[in-house]
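# Coordinate analysis (summary)
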Amino acid sequence: MRVARAADIHVCQSCGAVYGKWQGRCDACGEWNTIAAEAASWLKPGAPPPVVIGHCAEPTSEIYSFRGPGPHLLYTGRFSLSHPERTIGRLLGSFERIRARSPGAHLHLVGMLTEAEKSELAAHAVSAFVTLHGEVPHRTALAMQSASDALILYQQSTAALPGKLSEYLLATAPILVLGDGEWRSRLIGTPHFPVEEAEYALNSPRRQPTDVTAAAINAYEAVLLGAVGEPRTERQS
């Protein structure tokens, strides 16, 4: 991790929330160890770094294309680094069952894996059909979400909704839900499919994007204007 400078802000690599100083857990999405220092070139000279708490991902103009026919399934986020019961093995097992019905399916993982998780992935029967992209800029993650054929939302043993939900809703791909816990009852009214219904979801019409953060972004923009030279059109990630 590079050392923060005076002109740095700290941005959650999972949800894009901005903080004036580093902390271990993101208050916006609940993820641990995802906050990193980034150059705050858009701040006025001498202005204090702002604190923006909230999952306010903005759409990106970046275009991303997956290789091969697919379908391409995307999971963005961490596993045990964020929650000890969120195991990579459960996702790989679900993907193996998806491939049994959709042989062309390819799984893309965006985010940091532990060495143990990398080893588990390498030893799994579906490893040849999984691409580990590692950590990517926030805008690239959003572009990948827009280009995917399905988005995997994975949470376990908690009532907290995954921070990625608001980003996923900005895309049009079906959302496949994996994991147990009270959080699933909070998805009522949100378009999604159980991961067991992946084949049906992949053959369903693309949904309309939903910007659940628009009002929050407008409010945060008003706060940021005191520290930013001019309104930003794209979040720096």
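Described below are features of the structure shown in this document. (Residues numbered from 1 in each chain as written. Predicted model: local features only at pLDDT ≥ 70, side-chain atom pairs only at ≥ 80, totals over all residues. Heavy atoms only, no water.)

Within the structure shown, the criterion is met by 5 aromatic pairs. When the ring of F193 is compared with that of Y200, the centres are 5.9 Å apart and the planes differ by 65°; the resulting orientation is edge-to-face. The exposure class of F193 is buried, given its relative accessible area of 18%. Members of the aromatic cluster, each reached through a chain of ring pairs, are Y75, F79 and Y154. Over the ring of F129 we find R99, and its NZ or CZ is 3.4 Å from the ring centre. (Phe/Tyr/Trp six-rings, centres within 6.5 Å; stacked < 30°, edge-to-face > 60°. Buried < 20%, exposed > 50% of the residue type's maximum accessible area, 1.4 Å probe, protein only. Lys NZ or Arg CZ within 6 Å of the ring centre and 35° of its normal.)

Next up on the list: the pairing of strand β7 (residues 150-154). In terms of burial, β7 is a largely internal element, 5 of the 5 residues being buried. Here β7 shows a buried face lined by A150, I152 and Y154 and a second buried face lined by L151 and L153. Pairing geometry for strand β4 (residues 72-76) and β7, over 2 bridges, is parallel. When the sheet's bridge partners are listed, L73 is paired in β7 with A150. With 4 bridges connecting them, β7 and strand β8 (residues 175-178) associate as parallel partners. Bridge pairing in β8 links L151 to I175. (Helix = DSSP H or I, 4+ residues; strand = E, 2+ residues; numbered from the N terminus. Pairing = 2+ DSSP bridges.)

Right, let's get into helix α3 (residues 138-147). Taken across its 10 residues, α3 has 7 buried, putting it largely inside the fold. Looking only at α3, the buried set comprises H138, T140, A141, L142, A143, M144 and Q145. Buried residues belonging to α3 abut β4, β5 (106-110), β6 (130-134), β7 and α4 (165-170). (Contact = heavy atoms within 4.5 Å.)

Okay, the packing of helix α1 (residues 88-101) against helix α2 (residues 115-123) next. Interhelical geometry of α1 versus α2 gives an angle of 20° and a closest axis separation of 10 Å. Between α1 and α2, the interaxial angle falls into the category roughly parallel. Pair α1 / α2 crosses with right-handed handedness. Contact residues: I88, G89 and L92 in α1; E117, E120 and L121 in α2. (Axes fitted to C-alpha atoms, helices over the stretch in contact; angles between N-to-C directions. Parallel < 35°, antiparallel > 145°, perpendicular 65-115°, else oblique. Left-handed = near helix turned anticlockwise from the far one by under 90°.)

In space, the 6 strands of this open sheet follow the order β6-β5-β4-β7-β8-β9, with parallel pairing throughout. With one partner strand each, in any of the chains shown, β6 and β9 (193-194) form the two edges of the open sheet. Bridge count for β8 against β9 is 2 bridges, and the pairing is parallel. The residue of β9 that forms the bridge with V177 is P194.

What follows is about the nonpolar core. Grouped together as the largest cluster of nonpolar side chains are 24 residues, with contacts concentrated most on L73, F79, L91, L107, L109, V130 and L176. When residues of this core are traced back to their parent elements, those giving at least two are β4, α1, β5, β7, β8 and α5 (198-202). Sort the elements by how many residues they give to this core and α1 lands first, with 5 residues. F66, V136, L169 and L187 belong to the second-largest nonpolar core, a separate cluster that totals 17 residues. (Core = buried A, V, L, I, M, F, W, Y, C linked by side-chain atoms within 4.5 Å.)

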